[in-house]
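These are the residues of each chain, in order.
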Amino acid sequence: MKTDIEIAHSVKPLPISEIAKRIGISGSQLIPYGHDKAKIDSSAFKNSQRLGKLILVTSINPTPSGEGKTTVTIGLVDAINRLGKSSIGALREPSMGPVFGLKGGATGGGYAQVIPMEDINLHFTGDIHAITSAHNLLAAVIDNHLHQGNALKIDPNEIYWRRTLDINDRSLRKITLGQGRINGPVRDSGFDITASSEIMAVLTLSKDLQDLKKRLGRIVIGLNTDKKPVTVDDLKVAGSLTAILKDAINPNLVQSLEHSPFIIHGGPFANIAQGTNSVIATDLALKLSDYTVTEAGFGADLGAEKFMDIKVPVLGKAPDALVVVVTIKALKYHGGVAVGDLSKSDPEAVKKGLANLQRHLDALQNYGKPIVVSLNKFFDDSIEEIRETESYVEGRKMAFSIVTSYVDGFEGSLDLAEKVVAAADNQHEFSKLYQQDRSIEEKIQTIVEKIYGGKDFELSDQAKADLQELKDNGWGGLPVVIAKTPNSLTDDAKIYGAPSGFTIHIRRFIPKIGAGFIVAMAGSVLMMPGLGKHPAAEKIDVDENGRITGLS
């Protein structure tokens, strides 16, 4: 069978201007980046009326075999368009960290891909580089301020702002700055991956350029010696950061292999940030199509929860339907089957693993929206295993659809498209998980119980001190992003399935005031991933014709 990159090269893309014209974007509103990708001047659509329905694709906890959430999303958009309705996909930009690390690319697979897949997976239109540059300019300004006399009395031991890089590099997690006689002051710091930068979160939650500038100005970089917050506005560089990001705020237009339009913009991870694409991109897609299909990172316990509780209030629009992606292999993995045995038929393991699916469905039902379960079928899934899954879902009175878009393209998603459109057209009231005036502790407890299925949470001494600072500064009314492992409903990556009675361990809190939320660091989750023993970087090459190979 052809590789993903070979399939991508087998289809000739349409000129991006033609894709834009199909969805009502004129030449003056398009900023081309070559022939097959472009940015959209989002300000041109600011006063347009929203017409479309919103569909959110999520999944159960991810496993080593992969669930294919993006592949399902792309196939769904292609299929809805084939039904004679208009659909636009709104996706996140891949980070080069995972591309060269463990996961590989994030542009779908098989015959359900967005192209140009190499560009999207690598530098694309430079958005992530711009965010990295803006973040590190602020870091440089902070250290220069300390060097130049520290008029703001910033406490070097209370600086939240680290540096960023869009590559997995564990050796940079902890560093010492300022070594050398004229380079001080000396202090401990480190690097995070760009996807975790607050500037990434700010960009993806901003409504326009002026909102971006205001949010950047509100970013708290640390505390002064009086324990008061120091902001970007205090350092007088919000304008410079905005200048770096003035093009990055415009969303990017590409196409699928079926020439469906896709708007790709912003790439925060769901395990350490809010895990969804930009508000601007989603809002634009809603204004230009009947059905916008978007996704949130990792499982429903991370991406979907944050989409609902962080993004929806800013977007002003809740999803009209939810799609939960599941695979037989993932169910068997959560049912206790070893990775090497996942291809063997085991209906009993599937039955046991359905407990993980159940937990995610229970969590999503808190929001009151209709759910469609999508089984992303692999060639070696047995009929008995599929029937076990279908029987469970239908027993819960939910729609179930088998998807084969990886090998069949849009045809493999037509049944899913029909069921999703029917669900989205059936009005259901949106329910909030919690009210913003609840305390931070109450919000965390609600997430732990209603989303993870846990019992309680506990705070480290550092987290208790951080929490008091948050309250003293009046930030208790902000929503909470819990940063934890995506592999488990708990904060322990080695606990699979659907455990109960567990406690989430919060080791510290980080205020993200520009973005408008508080991050609760749970367990041992890291802000800078590392590379594995055999990273994906070992497989990627460039052939004699200049084409990239080994990327998937």
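None of the values given here were measured: they were computed from a predicted structure.

Thresholds applied
- Residues numbered from 1 in each chain as written.
- Predicted model: local features only at pLDDT ≥ 70, side-chain atom pairs only at ≥ 80, totals over all residues.
- Heavy atoms only, no water.
- Axes fitted to C-alpha atoms, helices over the stretch in contact; angles between N-to-C directions.
- Helix = DSSP H or I, 4+ residues; strand = E, 2+ residues; numbered from the N terminus.
- Parallel < 35°, antiparallel > 145°, perpendicular 65-115°, else oblique.
- Left-handed = near helix turned anticlockwise from the far one by under 90°.
- Contact = heavy atoms within 4.5 Å.
- Nonpolar A, V, L, I, M, F, W, Y, C, P; charged D, E, K, R; others polar.
- Pairing = 2+ DSSP bridges.
- Patch = residues over 30% accessible without salt bridge, like charges linked within 9 Å, V, L, I, M, F, W, Y side chains within 5 Å.
- Areas by Shrake-Rupley, 256 points an atom, 1.4 Å probe, with all protein chains shown as cover.
- Salt bridge = Lys/Arg side-chain N within 4 Å of Asp/Glu carboxyl O.
- Buried < 20%, exposed > 50% of the residue type's maximum accessible area, 1.4 Å probe, protein only.

## A word on the packing of helix H11 (residues 279–288) against helix H12 (residues 300–315)
Next up, step 1: Relative orientation of the contacting elements H11 and H12 amounts to 60 degrees, with a least axis distance of 10 Å. When the axis of H11 is compared with that of H12, the two are oblique. As for the relative orientation of H11 and H12, their crossing is right-handed in sense. Taking contact as the criterion, the partners of Val 279, Thr 282, Asp 283 and Leu 286 in H11 are, on H12, Lys 311, Val 314 and Leu 315.
Next up, step 2: Partitioned by chemical class, the residues of the contact of H11 with H12 number four nonpolar, one polar and two charged.

## Focus on the sheet that holds strand E13 (residues 229–231)
Next up, step 1: Taken in spatial order, the three strands line up as E7-E12-E13 in an open sheet, and their pairing is antiparallel. Taken across any chain shown, the strands that pair with only one partner, and hence form the sheet edges, are strand E7 (154–159) and E13. If you compare each strand with its neighbour and ignore which way they point, the axes differ by 50 degrees on average.
Next up, step 2: Where E7 meets strand E12 (residues 220–224), two bridges bridge the pair, whose relative direction is antiparallel. The partner of Ile 154 across the bridge, within E12, is Asn 224.
Next up, step 3: In the packing of helix H6 (residues 127–147) onto the sheet, contacts are made with E7 and E12, and the angle to E7 comes to roughly 130 degrees.

## Topic: a nonpolar patch on the surface
Next up, step 1: A grouping of Met 1, Tyr 111, Tyr 406 and Val 407 is seen on the molecular surface, where their side chains present a nonpolar patch of about 420 Å² in accessible area.
Next up, step 2: For Val 407, a relative accessible area of 47% translates into the label partly exposed.

## A short note on the pattern of salt bridges
Note that side chains of opposite charge can pair when their charged atoms are close.
Next up, step 1: Applying the stated criterion across every chain, the model contains 23 salt bridges.
Next up, step 2: The partner of Asp 127 in a salt bridge is Lys 39, and the shortest N-O contact between them spans 2.8 Å. Here Lys 39 lies in strand E2 (residues 38–40) and Asp 127 lies in helix H6, a separation of 88 residues in the sequence. Neither Asp 127 nor Lys 39 differs from the other in exposure class; each is buried.
Next up, step 3: Residue Asp 466 is joined to Arg 508 by a salt bridge in which the shortest nitrogen-to-oxygen separation is 3.2 Å. Of the two residues, Asp 466 is situated in helix H19 (residues 461–472) and Arg 508 in strand E22 (residues 503–512); the sequence distance between them amounts to 42 residues.

Worth remembering: the numbers are spatial, not functional.
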